[in-house]
Amino acid sequence: MSILAKIAEIENEMARTQRNKATAHHLGLLKARLAKLRRELITPKGGSGGATGEGFDVAKTGDARIGFVGFPSVGKSTLLSNLAGVYSEVAAYEFTTLTTVPGVIRYKGAKIQLLDLPGIIEGAKDGKGRGRQVIAVARTCNLILIVLDVLKPLGHKKLIEHELEGFGIRLNKQPPNIGFKKKDKGGINFTATCAQSELDAETVKSILAEYKIHNADITLRSDSTADDLIDVVEGNRVYIPCIYVLNKIDQISIEELDIIYKVPHCVPISAHHRWNFDDLLEKMWDYLKLVRIYTKPKGQLPDYTSPVVLPDERTSVEDFCLKIHKNLIKELKYALVWGSSVKH
């Protein structure tokens, strides 16, 4: 039986099972089995794994990397061409873009790399239509823009989220607050610091037994689900912020546009007419969470033209030095830091 057939069988069984307290244990086991099969699908066993996606991954440049993901013919290439001034072939048929097309924009002093990825189709996470290589490139991005056609957004949005989640990408989520530590002996030591609605010691043990883990410390610091626990045990999940870009707003009315504006993580634009690009760029900057650091030569004014850009969570003096050159940290004696957001 192929892996895809096994996955389909488990999904059918999960769809048939009623969700209540009595079946939570069984569903948790099925979810763990499903996650294991998905991982086997992503990383085939044995061999060199065959040829990699030819011409797919692009060398990382700049301070951040943004990937455009979406179905064919939703306007990803038009958006890249108009934002970054790079020519990405645009035509009225699907699958015009067959490889990754990179572009670079400068915004607020930061160099941001944009990647126009080929369109993905339903079943991409299972390898249809080179979908696996496309999603593998999306995993390396700091921010994902899901480009949707405004006339059929919700169905597409759900499908793309499902494809990315099946590949271990979690959109607009924080890593679950679960402590997990393997041991050599001592059995499963389970502690929950707050009330749990779904997981209990029995369910946790059965999920870990599915992974052949019989000795571990598990600490649940928030109300967690079986999926959260599986994500922590798998350990290969990436948590990426995401913006939904609703393209082709020139085809809808103002009233519909007002409703769309209320959807969270959403920016309506028209790539062809270049409408609302400044709003999109501002939102991209917010979601990337970058910090600009300006250098100041002694006795002169700071150089406000070329900042050193670092991600929000890595802004120590050491990170700053490593960004410029790895030898700088060895010669550094002291640094003066000032500004409204400095924490000494």
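Presented here is an overview of the structure given in this document. (Residues numbered from 1 in each chain as written. Predicted model: local features only at pLDDT ≥ 70, side-chain atom pairs only at ≥ 80, totals over all residues. Heavy atoms only, no water.)

### Looking at helix 3 (residues 76-84)
With nine of nine residues buried, helix 3 lies mostly within the body of the structure. Within helix 3, the full set of buried residues consists of K76, S77, T78, L79, L80, S81, N82, L83 and A84. Downstream of helix 3 by one or two residues, G85 has phi in the positive range, about 70°. (Buried < 20%, exposed > 50% of the residue type's maximum accessible area, 1.4 Å probe, protein only. Helix = DSSP H or I, 4+ residues; strand = E, 2+ residues; numbered from the N terminus.)

### Regarding helix 10 (residues 317-324)
Burial in helix 10 covers these residues: D319, F320 and C321. On the buried face of helix 10, the contacting elements are strand 12 (290-293), strand 13 (308-311) and helix 11 (328-331). (Contact = heavy atoms within 4.5 Å.)

### Re the packing of aromatic side chains
Counted according to the given criterion, the structure contains one aromatic pair. Here the aromatic rings of Y107 and W285 are separated by 6.1 Å at their centres, their planes lie at 70°, and the arrangement is edge-to-face. Pair noted here: Y107 is in strand 2 (residues 101-107) and W285 is in helix 9 (residues 277-288), with a separation of 178 residues, a long-range link. Judged by relative accessible area, which is 10%, W285 ranks as buried. The ring of Y244 carries K157 above its face, with NZ or CZ at 4.8 Å from the centroid. (Phe/Tyr/Trp six-rings, centres within 6.5 Å; stacked < 30°, edge-to-face > 60°. Lys NZ or Arg CZ within 6 Å of the ring centre and 35° of its normal.)

### Some details on the packing of helix 3 against helix 9
Relative orientation of the contacting elements helix 3 and helix 9 amounts to 90°, with a least axis distance of 12 Å. One finds that helix 3 runs roughly perpendicular with respect to helix 9. Facing L79, N82 and L83 of helix 3, the residues of helix 9 in contact are F277, L280 and L281. Residue classes in the contact of helix 3 with helix 9 are distributed as five nonpolar, one polar and no charged. (Axes fitted to C-alpha atoms, helices over the stretch in contact; angles between N-to-C directions. Parallel < 35°, antiparallel > 145°, perpendicular 65-115°, else oblique. Nonpolar A, V, L, I, M, F, W, Y, C, P; charged D, E, K, R; others polar.)

### Brief notes about the pairing of strand 1 (residues 64-69)
The buried fraction of strand 1 is high, at six of six residues. Along strand 1, one buried face is formed by A64, I66 and F68 and the opposite face, lined by R65, G67 and V69, is buried too. Relative to strand 3 (residues 110-116), strand 1 is paired through five bridges, and the arrangement is parallel. For G67, the partnering residue across the bridge sits in strand 3 and is L115. In terms of strand pairing, strand 1 meets strand 4 (residues 143-149) through four bridges, oriented parallel. In the sheet register, F68 faces strand 4, and the bridge partner there is L145. (Pairing = 2+ DSSP bridges.)

Any functional reading would require information that these geometric values do not contain.
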